[in-house]
Amino acid sequence: MQSVRIWDLPTRLFHWVLALAVVLLVISAKVGGDAMHLHMRLGYLVFALLLFRLVWGVLGGHWSRFARFVPTPARLRAYLRGSPEASLHAGHNPLGALSVLAMLAVLSLQVASGLFADDEIAYSGPLTARASHALIKLATRWHTGPGQALVLALVALHVAAIAWYWRRGQNLVRPMLSGDKSLTQAVPASRDGAGTRAVAVLVLAAAAAVVYAVVQWGARASLG
C-alpha cells in the first residue's frame, strides 16, 4: 500500500464548503422570512463555487480534472465488471463521477433559476428586472419545485453511496479530508503545492468577480 495525494486542497475545500452551503440553503428556504436574505447570499456563494469548479476541472490536480473522471461507456462497463484498474478507483469511480456531474448540473440549474425567481413576498432574484413575466414564473416554479426536489434526492443518493461503500470497506470521506488515499497500484499524484493553491485563489477571485458583475447588472436594470 502506498499513500498518494488524490484530492488537492482547493478541491477539498470546494467540496466541504459546497456541502455546507447546500445544507444551509435548504434550511433557509424552509424557514423563509428574514432567512431568505441568507438564502440569497448562499446562492451567490454556490454560484461562485460552481464557476470555480468549472475552471478547476481544467486547471486543477490530476484527479480533479474532468478529463480524468468523466466516464466513457468503456470505463463504466469496466468498472461494473469489477476491473481492478487503478485509474477507475483512485479518484471518482465512474458511478461516482456520474453523481458528481449530476449534482453540478442540478445545482447550476438551481442557481440560474434562483437568479430569476420571485416569490412575490420576500424574495426577488437579482435578474428579475431583466426577464419576462413568463420566464420569472417558470424559473420560480422550477426553483421551488422540481429543482429543490432533485437537489434533495441527489444529496440523499450521495450520502447513501458513501454509506454503501463504507460497508464494503471503502472510506470515501477520509481522502476528501486528508487528500491522500492508500492504493496498491501506482497512480499519478495530484499537484497540491503553493503554486497550485495560489492559482486556485485567483480562479476563485475571478469567479466571485463574475458573480458580482451579474448581480450588479441586474441591479442596474431594477434601478433604471
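The structure under discussion appears in the preceding block.
Quick look at the structure, then.

Definitions and cut-offs
Per chain, residues are indexed from 1 in the order of the written sequence. At least 70 in pLDDT is required for a residue's local features to be given in this predicted model, at least 80 for side-chain atom pairs to be given and counted, and no such filter applies to totals for whole chains, interfaces and linings, which use all residues. Side-chain measures here rest on the full set of heavy atoms in the structure, leaving out hydrogens and waters. Note on conventions: DSSP H or I runs of at least 4 residues are helices, E runs of at least 2 residues are strands, and numbering of each starts at the N terminus. In this scheme, a residue with accessible area under 20% of its type's maximum is buried, one over 50% is exposed, and one in between is partly exposed, where area comes from a 1.4 Å probe on protein chains only. Contact criterion: two residues are considered in contact whenever any of their non-hydrogen atoms come within 4.5 Å of each other. Only rings of Phe, Tyr and Trp enter the pairing, Trp through its six-membered ring, and a pair is recorded when the two centres are within 6.5 Å. The plane angle decides the type: under 30 degrees is stacked, over 60 is edge-to-face, the rest tilted. Like-charged residues within 9 Å of one another, or nonpolar side chains (Val, Leu, Ile, Met, Phe, Trp, Tyr) within 5 Å, are grouped into patches, provided each residue has over 30% relative accessible area and no salt bridge. Accessible surface area values rest on a Shrake-Rupley calculation with a 1.4 Å probe, where residue burial reflects the displayed protein chains alone. Between Lys or Arg on one side and Asp or Glu on the other, a salt bridge is scored when a side-chain nitrogen of the former is within 4 Å of a carboxyl oxygen of the latter. Being paired, for any two strands, means DSSP has found at least two bridges between them. Whenever two N or O atoms come within 3.5 Å, that pair is a polar contact, provided that in protein one can donate a hydrogen and the other can accept it, and provided that, for residues adjacent in sequence, both atoms are side-chain atoms. Detection works on a 1 Å grid of protein atoms alone, calling trapped sets that fit a 1.4 Å probe cavities and calling open sets with protein on both sides within 12 Å along at least five of seven lines pockets, with lining residues defined by an atom within 4 Å of a point. Grid points are joined across faces, edges and corners, and a volume is the space filled by probe spheres set on the points.

A word on the environment of Leu 177. You can see Leu 177 is positioned in helix α8 (residues 173-178). By relative accessible area, Leu 177 is classed as exposed at 54%. Each C-alpha atom of the pair Leu 177 and Leu 9 lies 8.9 Å from the other, and the pair is 168 residues apart in sequence. What Leu 177 contacts, discounting residues up to four positions off in sequence, is Arg 12 and Trp 16.

As enumerated under the stated definition, the model contains four aromatic pairs in all. With a centroid separation of 5.4 Å and an interplanar angle of 20 degrees, the aromatic rings of Phe 52 and Trp 56 are classed as stacked. Of the two residues, Phe 52 and Trp 56 both sit in helix α2 (residues 35-59), four residues apart, roughly one turn of that helix. The buried category is assigned to Phe 52, whose relative accessible area is 4%. Consider the rings of Trp 164 and Tyr 165, whose centres lie 5.0 Å apart with planes at 80 degrees: the pair is edge-to-face. Taken together, Phe 14, Phe 52 and Trp 56 form an aromatic cluster joined through their ring pairs.

On to a nonpolar patch on the surface, then. A cluster of nonpolar side chains, Leu 20, Val 23, Leu 24, Ile 27 and Val 31, forms an exposed patch at the surface whose accessible area comes to about 440 Å². Of note, Ile 27 is situated in helix α1 (residues 9-31). Judged by relative accessible area, which is 46%, Ile 27 ranks as partly exposed.

The next subject is the pairing of strand β2 (residues 180-183). Side chains on a regular strand alternate between the two faces of the sheet. Every second residue of β2 is oriented toward a common face, the buried set being Lys 181 and Leu 183 and the non-buried set Asp 180 and Ser 182. Sheet topology note: the strand β1 (residues 2-5)/β2 ladder contains four bridges and is antiparallel. Residue pairing across strands places Gln 2 opposite Leu 183, the latter belonging to β2.

Turning to the side chain of Thr 11, a few remarks are in order. Position of Thr 11 relative to the elements: it lies in helix α1. Take Thr 11: its relative accessible area is 4%, and that puts it in the buried class. In this structure the side chain of Thr 11 is engaged in a polar contact, spanning 3.3 Å, whose partner is the side chain of Trp 56.

Turning our eyes to something else, we now look at the layout of surface pockets. Space inside the second largest pocket adds up to approximately 490 Å³. Taken together, 26 residues form the lining of the second largest pocket, with Leu 25, Ala 29, His 39, Gln 110 and His 143 sitting closest to its centre.

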